[in-house]
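Here are the chains, one letter per residue:
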Amino acid sequence: MTTAEPTDTAETTHRITLKINGRAYKQDVEPRKMLAYAIRDTGLRGTHVGCDSSSCGCCVVVLDGDTPVKSCTMFAVQAEGREITTVEGLGAPGALHPLQQAFWDQHGLQCGYCTPGMLMTSYAMLQHHTDPTDQEVREFLGGNLCRCTGYNNIVKAVQQAAQALRDDQAGKLDTLAAAATGGSQ
Amino acid sequence: MTTTPKEKHAMGKGMKRKEDPRFLTGQGNYVDDLVIPGMLSMAIVHSPYPHARIRSIDKTAALAVPGVKAVITGEDLVAASLGWLPTFHGFDKQMVLAVGKALFQHQEVAAVFAETREAAMDAVELVEVDYEPLDPVTSPFDAMKDETILRDDRDDKTNHIYHWESGHRDETDAALGDAEVVINEKVYSPRCHPAPLEPCGCVAQFDAMGRLTFHVTSQAPHVYRTAISLVTGIPEDKIRVVAPDIGGGFGNKVPVYPGYVCAIVGALILKTPVKWIETRTENLTTTGFARDYHMDVTIGAKKDGTVTALKVKTVADHGAFDAAADPTQYPAGMFGIVTGSYDFPVAFTELDAYFTNKAPGGVAYRCSFRVTEASYAIERGMDLLAGELKMDPAELRKKNFVQKDEFPYKSALGFTYDSGDYAGTLDHALNLIGYDELRKEQAEKRARGELMGIGLSTFTEVVGAGPSKHFDILGIKMFDSAEVRIHPTGTGIVRAGTKSQGQGHETTWAQIVAEELGLDPENLLVEEGDTDTAPYGLGTYASRSTPVAGAALALAARRVREKAKKVAAHLLEAAEDDVEWKDYQFSIMGAPEKSVTMKEVAFAAYTNPGEGNEPGLEASLYYDPPNMTFPHGTYIAVVDVDGETGEVKVRRFLAVDDCGTIINPTIVQGQVHGGLTEGFAISFMQEIPYDAQGNNMAPNFMEYLVPTAVESPVWETGHTVTPSPHHPIGAKGVGESPNVGSPAAFVNAVMDALSPLGVKHIDMPLTREKIWQAVRDAQGQKAGD
């Protein structure tokens, strides 16, 4: 069994703290280490690498709640202090996020490799655009490649999720209105 | 409301995929997700030259990088008799790491093993290889002159790999000589790449007893195990191959690649697990490409449009090694389907393959072994003939279709088509899209000088490789297998020799077995891809899973049912002959009120099987298909072309597929959408071109274009159902059809748009620049007339 011998990297690594899905992970990283690999090294392996050149979008994670970034092209050290959301932060089997549920309902995935990136880009978009047109959805997903689905069902899924989130918000407002007015409305 | 058994179990139900929740939540289990303590990372040194002598390799600087454990070269492997690996094709072998000469740009030259991925990549840069560049041969037309012999390891001293032919040469020539009309065109199906989003990769690990566990991105794990045993000499029982979740394959993950052999060797000599995950560039430059067929198509016909003869001569560029993933007895795969859906009285096709200084391979990229090329050739040819005769391309096709009462139909090139209704499918498609109105609109637009095109493709696929008398890989016959085990409580486990890469087997295989046994598909666990547990099967590619393994699954379930019937007879206190399987349960003939469900029988099989009945409820089965299956379809593309910019707008695209019995319509539609998008890509943007110096010009996703959601069209689909008469459930396979059928529809549409200018043919990909140039040339010619 070969064990890793301590190598002379003490001066070249940085201790960083990555805040992922509300949890803090400490790591010693070289400055060149990409965020995607740093995230995967925490054991959260839903963030995939497909091209190493920010072309395919399999590695998209969300920064600070609403900004999608390609984590294979961002240095891990740059993410220090930022809130990172990965696919594991959306929902779990049995408790899916409306986006995950919509991708399932609409057959918006096949091999599943691009799916985390698709979900995270869509999630970020829906923070800004609650009622997008199909064309807007397509343009927002323009940096995420899929080789299996042909995108038609992905667009449908994002629209289903957008509707579900709007209904959910409307429901909350109705509840608020009912509470505020004593149910007289 | 209670669900009837039919609603719950029946095939044809678009149930949601059982596998999806894990993919949606980041819980997929891909090869790169596997981490083993102490695992080393492997990286590969690639040749920058397409053709170069290797004078020496110096590992010193690389080995000095902190964390680097070893560097291996081709010479090292040769010394251990591990220098070459067999190709699946069986006619050639391939260097694991270049020895003496590098034969294509990016060829694997050395492998580095280090504690981290970063250290391995640093060391790759420091392996000093002294190359003496040689002139490359980049075209098969140059290679055939044999001025430079590329493969000096071979005895035959020629770049010619093989000649293959089918049909009747003399009769075809005679018929073409007698034909009233003859069209001839050279069409090229460009070199392209499947490019699944998950690159290839593996993890090799030996345990203390010397047993290898090899996790790998493989579409055919059992064949890998056998191939690894043949290459390394490790006994097959000491090898376990596991293909976990696979992030797309499309044919790219069929062959065994040099990196896999290196990872195994590294794990063996360093006694440490080794992981190798390709970079995107490695994927695009070294692993199985597709197509690269130069085809010369000639069709003879009468003036009324009746075809009389077809001749297709092909030159194939196979790159540096003949690593094409075709069955041994079919060197050009199923290219013999080139007569398509038409009743050619006589036909002849021949193909010559050559070595060049390009990446080796030739995989069935979302295609059953060269059917995409064949389908493109005949469907372009039929449109050129329609243009020559000034006939509507739909009318010309109808006139020449094999008729639905002529099945089984023996084609002039030897295939026996199982079933089909070509005219019915065409008519359905023409009605769905409103063909006559579109032609009217086109005439109006043409009168205004606008370029609108309508393109048809009425293709016939051949899938389900295959019958063992004709199909094998490395000599292993291409049967498939299934194992069905029913537990006492009526749940079960289903195992198959296939391996899903996104096709949804966990769902459709459960549906097939549920239908046969009257059980709940939600409670049938499907397992594939682990050679320790799955029955031996030839894997998933070339749309063979449903035609071959799907049949095995249905028949294995029926075998379980036969066994269950004995137990049912015991429970019903009736003679076995008086018990029938009806409405998803066993009942006494003529007394349907006396019945037992499979769930009840399953419990009894373990608790009260009846005297003389074998306890337990399981069966396994190997299926050797009697014939292949022949799905077909009609695809129609409607495009507008901007003559000023060369831009093509795909306004509509309708795909009507006939893949026989449909197991899960949602999954079928998803497969069609995905295949159409890949066909769109091949038609308009994708190519791996090489320049005259042998440089690969599309080594990443900036150059090798994959369509995004922005340019991908909206797809319209429909279907007709003509079951296969020889398949137990009548299913034919569909995953390849859209990629096979759509390029001709796209190109025919654009050529139809450009036909008023006199443009007859442009080779794919139909980039804006090519179209703009063709329009400009045509206008220049007109001006000069």
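Because the structure is predicted, anything quoted here is derived from the model rather than measured. Think of each chain on its own: its residues are numbered from 1, step by step along the sequence as written. Chains and ligands are labelled sequentially in the order written, the chains with letters from A and the ligands with numbers from 1. A pLDDT threshold of at least 70 governs which residues receive local features in this predicted model, and a stricter bar of 80 or more applies before side-chain atom pairs are shown or counted, although totals over entire chains, interfaces and linings include all residues. Only hydrogens and water are removed before side-chain values are computed, so all heavy atoms of the structure are retained for them.

1. Side note on the interface of chain B and chain A
So, step 1. We call two residues contacting when some pair of their heavy atoms lies within 4.5 Å. Contact with chain B, which involves 61 residues of that partner, is made by 55 residues of chain A.
So, step 2. We define a salt bridge as a contact between a side-chain nitrogen of Lys or Arg and a carboxyl oxygen of Asp or Glu at a distance within 4 Å. Put simply, chain B and chain A have five salt bridges between them.
So, step 3. Taking the shortest distance from any N to any O, the salt bridge between Asp122 of chain B and Arg32 of chain A comes out at 2.8 Å.
So, step 4. Side-chain atoms alone can form a polar contact between residues adjacent in sequence; in general such a contact is a pair of N or O atoms within 3.5 Å, and within protein one must be able to donate a hydrogen while the other accepts it. Our enumeration of links across chain B and chain A arrives at 23 residue pairs in polar contact (both at pLDDT 80 or more).
So, step 5. Where helices and strands are cited, they refer to DSSP runs of H or I of at least four residues and of E of at least two residues respectively, numbered from the N terminus. Elements represented by at least two residues in the side of chain B that touches chain A include exactly helix H2 (20–24), helix H5 (117–126) and helix H18 (665–684) of chain B.
So, step 6. Tallying contributions element by element places H18 of chain B first for the side of chain B that touches chain A, with nine residues.

2. Comments concerning the packing of aromatic side chains
Residue and element names in this part refer to chain B.
So, step 1. Any Phe, Tyr or Trp ring, taking Trp's six-membered ring, that has another such ring centre within 6.5 Å forms a pair; planes under 30 degrees apart are called stacked, those over 60 apart edge-to-face, and the others tilted. Here the structure, examined in full by the defined rule, presents 31 aromatic pairs over all chains.
So, step 2. Between Phe479 and Tyr622, the ring centres sit 5.6 Å apart and the planes meet at 55 degrees, which makes this aromatic pair tilted. One end of the pair, Phe479, is in the loop between strand S22 (476–477) and strand S23 (480–486); the other, Tyr622, is in strand S29 (residues 618–623), and 143 residues separate them in sequence.
So, step 3. A simple rule labels every residue: compare its accessible area, found with a 1.4 Å probe on the protein chains alone, to the largest value its type can have, and call it buried under 20%, exposed over 50%, or partly exposed in between. For Phe479, a relative accessible area of 19% translates into the label buried.
So, step 4. One aromatic cluster in this structure is built from Phe459, Tyr635, Phe653, Phe680, Phe684, Trp715 and Phe746.
So, step 5. As a reminder, the over-ring test applies to NZ of lysine and CZ of arginine, requiring each to be within 6 Å of the ring centre and within 35 degrees of the ring normal. Over the aromatic face of Phe355 sits the side chain of Arg151, whose NZ or CZ is 4.9 Å from the ring centroid.

3. Some details on the sheet that holds strand S28 (residues 591–597) of chain B
Within a sheet, each strand pairs with its neighbour through backbone hydrogen bonds, oriented either parallel or antiparallel.
Residues and elements named next belong to chain B.
So, step 1. Strand pairing is defined by DSSP finding a minimum of two bridges between the two strands. Reading across the sheet, the three strands line up as S26-S27-S28 and stay open at both edges, with antiparallel pairing between neighbours. The sheet is open, and its two edges are formed by strand S26 (579–582) and S28, each paired on a single side. Taking the axes of each pair of neighbouring strands and ignoring which way they run, one obtains an average angle of 40 degrees across the sheet.
So, step 2. Lying over the sheet, helix H16 (residues 545–572) contacts S26, strand S27 (585–588) and S28, oriented at roughly 45 degrees with respect to S27. Helix axes are fitted only over the stretch in contact, all axes being lines through C-alpha atoms; the angle between N-to-C directions runs from 0 to 180 degrees.

4. A few points about the environment of Val274 of chain B
So, step 1. Along the chain, the position of Val274 of chain B falls in strand S14 (residues 274–277).
So, step 2. On the basis of relative accessible area, Val274 of chain B is assigned to the buried category, the value being 0%.

5. Notes on the pairing of strand S12 (residues 212–216) of chain B
All names here are of chain B.
So, step 1. Taken across its five residues, S12 has five buried, putting it largely inside the fold.
So, step 2. Side chains of S12 alternate between two faces, with Leu212, Phe214 and Val216 and Thr213 and His215 buried alike.
So, step 3. Bridge analysis of S12 against strand S13 (residues 239–242) gives four bridges, and the strand direction is parallel. By the bridge assignment for S13, Leu212 is matched with Ile239.
So, step 4. If you view a crossover with the strands going away from you and the path from the first strand over the helix to the second runs clockwise, you call it right-handed. Where the polypeptide runs from S12 across helix H8 (residues 221–232) and back to S13, its parallel neighbour, the crossover connection is right-handed.

Read these as geometric descriptors, not functional statements.
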